[in-house]
Amino acid sequence: MKITIKESPKYEGQEVTIGCWLLQKRGSGKLQFLQLRDGSGFMQGVVVKANDEALFETAKGLNQETSMYVTGMIKKDERSSFGYEMEVSKIDIIHEAEGYPITPKEHGPEFLLDHRHLWLRSRKQHAVMNIRNQIIKSTHDFFFDNGFKKIDSPILTNSAPEGTTELFHTKYFDEDAFLSQSGQLYAEAAAMAHGKVFTMGPTFRAEKSKTRRHLIEFWMIEPEMAFYEHDDSLEVQEQYVEYVVQNVLEHCRLDLEALGRDTSVLEQIKAPFPRITYTDAVELLHEKGYDDIEWGDDFGAPHETEIANHYDKPVFIVNYPKEIKSFYMEENPDDPRTVLCADLIAPEGYGEIIGGSERIHDYETLKQRIEDSGLNTDDYEWYLDLRKYGSVPHSGFGLGLERTVAWLSGVQHVRETSPFPRLLNRLYP
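Residues numbered from 1 in each chain as written. Predicted model: local features only at pLDDT ≥ 70, side-chain atom pairs only at ≥ 80, totals over all residues. Heavy atoms only, no water.

Looking at an unreviewed UniProt entry, one finds the protein named Asparagine--tRNA ligase and attributed to Salinicoccus halitifaciens. What UniProt records for the protein under Subcellular location (unreviewed entry) is the sentence "Cytoplasm". Quoted verbatim from the Subunit (unreviewed entry) field of the UniProt record, the comment on the protein reads "Homodimer." (UniProt positions renumbered as here; feature names shortened; annotations may be inferred.)

Below is the structure:
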């Protein structure tokens, strides 16, 4: 019977066959311990010399990443985190690998990133991708269960949703086009038809990647909600983040363990989250001795980390200055210098994982903001139409998938959480 490693606990005491690769091996004069992987998980296979000397010699000669079918009896193994192992009775080699470049020794990050297509096979990278997969599944479950509809926004656009110049330019037949920075504006249109929607897709920023936090390509999850004001949106964000974190804890325990993640920090992630205004955050930083930030400046990574260190869970920084935020954000009625927005800052120095706001829903106000921002009004006529025909208060936010994976996994580089970022970032060393 052919099964996967993940299915092994259901077949204790039975002989089964697993298609797998050899991660690594160790042994003595009597036993060979094969660390096997098949994509679903990792398990040890034990070859006993006394049972079959020819099989023992075959196992002893296996090279790292050799592919094979391994047959044997599934047994409990209380010493392993997985809890089961296979006593191997047969090995059928499919392809004998030779000279695999990523050996069990230590390798530097540059070497590993240059071999990203192979590094994905490692145990820690496998764990990171499992966590990423669970976040994606939990995202769909959360929004579907709460009455949202998924829409797919265009990847090629004719303008910048964020009003910046950091765009990848291309040609759409005879017209200029750009790789999308965000699906938000299109999600707003869909929200006027369906009430609550979300998008999930790749976004692109044409800026050189200068820190461990930045990617040229990453995935964004962007809900938009009609009839939702700013505080309503913050509640959804809290519930969503709590749901995702608790699902990762429930379904990815072995992966978190493989990464050495301190799960006690994640166990504290429960709504509601603390909130601090931008103005109070600047004053806090001044009290902490930061003289490189003034009211009206955007926060850098050290500033976000200092603010986050005051809390044991994510913190909302609300009501940023109008001048440093996007043109579509609703003005704060209590302080017209600021807008109704929030960034959600993750603890442990991982920085902003969500940015969101209430959107301007008045036609004339939005049109003026577009003009004041130096944008071409013609490019946004369709967006202004949403304010001409039955406009309503509405809000939304965007969660960066890769940075959230980095935070939950406890890894230090955002690049490690995206399948092939180095293949793009190689353009910007």
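After presenting the structure, the write-up continues.
Engineer: I'm lost on the packing of aromatic side chains in this one. Help?
Structural biologist: Aromatic rings in a pair are described by how distant their centres are and how their planes are angled relative to each other. Per the stated rule, a full pass over the model turns up 20 aromatic pairs. Taken together, a centroid distance of 6.4 Å and an interplanar angle of 40° make the contact between Tyr240 and Phe397 tilted. With Tyr240 in helix α6 (residues 230-251) and Phe397 in strand β16 (residues 394-400), this residue pair connects regions lying 157 residues apart in the sequence. Each member of the pair Tyr240 and Phe397 is classed as buried. Three or more aromatic residues link up through ring pairs in this structure, and these residues are Phe142, Phe143, Phe144, Phe148, Phe198, Tyr240, Tyr243 and Phe397. (Phe/Tyr/Trp six-rings, centres within 6.5 Å; stacked < 30°, edge-to-face > 60°. Helix = DSSP H or I, 4+ residues; strand = E, 2+ residues; numbered from the N terminus. Buried < 20%, exposed > 50% of the residue type's maximum accessible area, 1.4 Å probe, protein only.)

Engineer: Teacher, can you tell me more about the environment of Gly356 here?
Structural biologist: Looking at the secondary structure, you find Gly356 in strand β15 (residues 351-359). A relative accessible area of 4% means that Gly356 is categorised as buried. C-alpha of Gly356 to C-alpha of Leu399: the two residues are 43 residues apart in sequence and 8.7 Å apart in space. In this structure, Gly356 is in contact with Cys341, Ala342, Gly396 and Phe397, ignoring residues within four places of it in sequence. (Contact = heavy atoms within 4.5 Å.)

Engineer: Could you clarify how one ought to interpret the nonpolar core in this entry?
Structural biologist: Ranked by internal contacts, the top residues of the largest apolar core, which has 42 residues, are Val241, Trp407 and Leu408. Considering every element that reaches this core, the biggest residue donor is α6, with eight residues. (Core = buried A, V, L, I, M, F, W, Y, C linked by side-chain atoms within 4.5 Å.)

Engineer: Looking at this model, I keep getting lost on the pattern of salt bridges. Mind explaining?
Structural biologist: A side chain of one charge can pair with a side chain of the opposite charge when the charged atoms of the two come close. One pass over the full model with this rule turns up 19 salt bridges. Between Glu65 and Arg37 there is a salt bridge, and its shortest N-O distance comes to 2.6 Å. Within this pair, whereas Glu65 is found in the loop between α1 (53-60) and β4 (67-76), its partner Arg37 is found in strand β2 (residues 31-37), the two being separated by 28 residues in sequence. Arg37 matches Glu65 in its accessibility class, with the two residues each being buried. (Salt bridge = Lys/Arg side-chain N within 4 Å of Asp/Glu carboxyl O.)

Engineer: Whenever I open this one, unusual backbone geometry confuses me. Can you help?
Structural biologist: As a rule of thumb, non-glycine residues mostly have phi less than zero, and peptide bonds are mostly trans rather than cis. The linkage connecting Ala271 with the following residue, Pro272, adopts the cis geometry, with an omega of 0°. By the element assignment, Pro272 lies in the loop between α8 (263-267) and β12 (275-277). Phi at Asn319 is positive, roughly 60°, even though this residue is not glycine. Relative to the assigned elements, Asn319 resides in the loop between β13 (315-318) and β14 (341-346).

Engineer: It is not clear to me how the environment of Glu188 should be interpreted in this structure. Could you clarify?
Structural biologist: Within the secondary structure layout, Glu188 lies in helix α5 (residues 184-194). What makes Glu188 buried here is its relative accessible area of 0%. Separated by 171 residues in the primary sequence, Glu188 and Arg359 place their C-alpha atoms 9.1 Å from one another. Separated by 2.6 Å, the side chains of Glu188 and Tyr383 make a polar contact. (Polar contact = N/O pair within 3.5 Å; in protein donor to acceptor, adjacent residues only side chain to side chain.)

Engineer: Honestly, α5 in this entry has me stumped. Any pointers?
Structural biologist: At 3.6 residues per turn, the α-helix brings residues three or four places apart onto the same side. Along α5, the residues that are buried comprise Gln184, Leu185, Ala187, Glu188, Ala190 and Ala191. Remark: Gly195 follows α5 within two positions and exhibits a positive phi of approximately 85°.

Engineer: Help me understand empty space enclosed by the protein in this model?
Structural biologist: Rolled over the atoms, a probe with the dimensions of a water molecule shows which regions are left empty. Inspection of every chain in the model, using the stated rule, returns two cavities of 30 Å³ or more. In this structure, the second largest cavity encloses a volume near 30 Å³. Taken together, Val241, Val244, Val245, Ile353, Leu399, Thr404, Trp407 and Leu408 make up the full set of residues lining the second largest cavity. (1 Å grid on protein atoms, 1.4 Å probe; cavity = no way out; pocket = protein on both sides within 12 Å on 5 of 7 lines; lining within 4 Å. Points joined across faces, edges and corners; volume = space filled by probe spheres on them.)

Engineer: Even after reading the chapter, I still don't get the sheet that holds strand β8 (residues 169-172), so can you show me in this structure?
Structural biologist: In sheet architecture, strand pairing relies on hydrogen bonds along the backbone and comes in two forms, parallel and antiparallel. With respect to topology, three strands assemble into an open sheet ordered β7-β9-β8, the strand pairing being antiparallel. Of all the strands in the sheet, just β7 (156-157) and β8 have a single pairing partner and so form its edges. (Pairing = 2+ DSSP bridges.)

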